[in-house]
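Residues per chain, in single letters:
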Amino acid sequence: MAVVVLVSSLTWNQVRLVRRSLDDRLGQIDSRLTTLASRIERAGAPAAARGPDPNKIYTVKTDGAPVRGPANAPVVIAEFSDF
């Protein structure tokens, strides 16, 4: 019985040490995030997202490509894949 109590005590102490270490690390991460957030606020608005304009209609040439459906459909979905 004494062995079980001793092992339990050692395990409990290890858990306490790990928890304290994690609490310290989480505090550091929280302060770093706060610092970064304040830098972003001072820098102004975030830069505009890069990439294609979601409101623009793009023309895709599909001449000679395999198609399914009528050629004069009001909506054309062009899929590109590369293996």
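Here's what I pulled together on the structure shown here. Because the structure is predicted, anything quoted here is derived from the model rather than measured.

**Digging into the overall build of the chain**
Tallying secondary structure elements over the chain gives one helix and zero strands in all. Taken over C-alpha atoms, the radius of gyration comes to 30 Å for the chain, far larger than the 12 Å a tight globule of 83 residues would show. Each principal axis of the C-alpha atoms in the chain carries an extent, and together these give about 85 × 45 × 20 Å. Here the chain holds 83 residues, and 0% of them are scored as buried. Working note: accessible area of the chain is about 8700 Å², and carbon and sulfur atoms make up 60% of it. Across the chain, 11 positive and 8 negative side-chain charges occur, with their mean positions spaced 8 Å apart.

**A few points about the layout of surface pockets**
Within this model, the largest pocket holds a volume of roughly 450 Å³. Around the largest pocket, the lining comprises 14 residues; the ones closest to its centre are Pro66, Val67, Arg68, Val76 and Ile77. Tallied by class, residues from the lining of the largest pocket come to ten nonpolar, two polar and two charged.

**Regarding a nonpolar patch on the surface**
On the surface, Leu26, Ile29, Leu33 and Leu36 cluster together to form a nonpolar patch covering roughly 350 Å² of accessible area. When you line up the elements, Leu36 lands in helix 1 (residues 2–43). Residue class for Leu36 comes out partly exposed when judged on its relative accessible area of 33%.

Calculation rules
Position labels on residues start from 1 in each chain and follow its written sequence. Given that the model is predicted, a residue must reach a pLDDT of at least 70 before its local features are reported, and side-chain atom pairs must reach 80 or more before they are shown or counted; all residues, however, enter totals for whole chains, interfaces and linings. Just so you know, side-chain values use all the structure's heavy atoms and leave hydrogens and water out. For the purposes of this entry, the term helix denotes a DSSP run of H or I that reaches at least four residues, the term strand denotes a run of E that reaches at least two, and both are numbered from the N terminus. Our radius of gyration looks at C-alpha atoms and nothing else; its globule reference is 2.2 Å times the residue count to the power 0.38. Here's how the labels work: a residue is buried when its accessible area is under 20% of the maximum for its type, exposed when over 50%, partly exposed in between, all with a 1.4 Å probe on protein chains only. Surface accessibility follows the Shrake-Rupley procedure with a 1.4 Å probe radius. Residue values consider only the protein chains on display as shielding. Only four residue types enter the charge count: Lys and Arg as positive, Asp and Glu as negative, with His and the chain ends excluded. Think of each charge as sitting on NZ of Lys, CZ of Arg, CG of Asp or CD of Glu. A cavity, in this analysis, means grid points on a 1 Å lattice covering only the protein atoms where a 1.4 Å probe fits yet has no way out; a pocket is instead an open set bounded by protein on both sides within 12 Å along at least five of seven lines, and a residue lines either one if it has an atom within 4 Å of a point. Grid points are joined across faces, edges and corners, and a volume is the space filled by probe spheres set on the points. Here the nonpolar group is Ala, Val, Leu, Ile, Met, Phe, Trp, Tyr, Cys and Pro; Asp, Glu, Lys and Arg are the charged ones; every other residue, Gly included, is treated as polar. Here a patch means residues that are over 30% exposed by relative accessible area and free of salt bridges, tied together within 9 Å if like-charged and within 5 Å if nonpolar (Val, Leu, Ile, Met, Phe, Trp, Tyr). Salt bridges are identified by distance alone: a Lys or Arg side-chain nitrogen within 4 Å of an Asp or Glu carboxyl oxygen.

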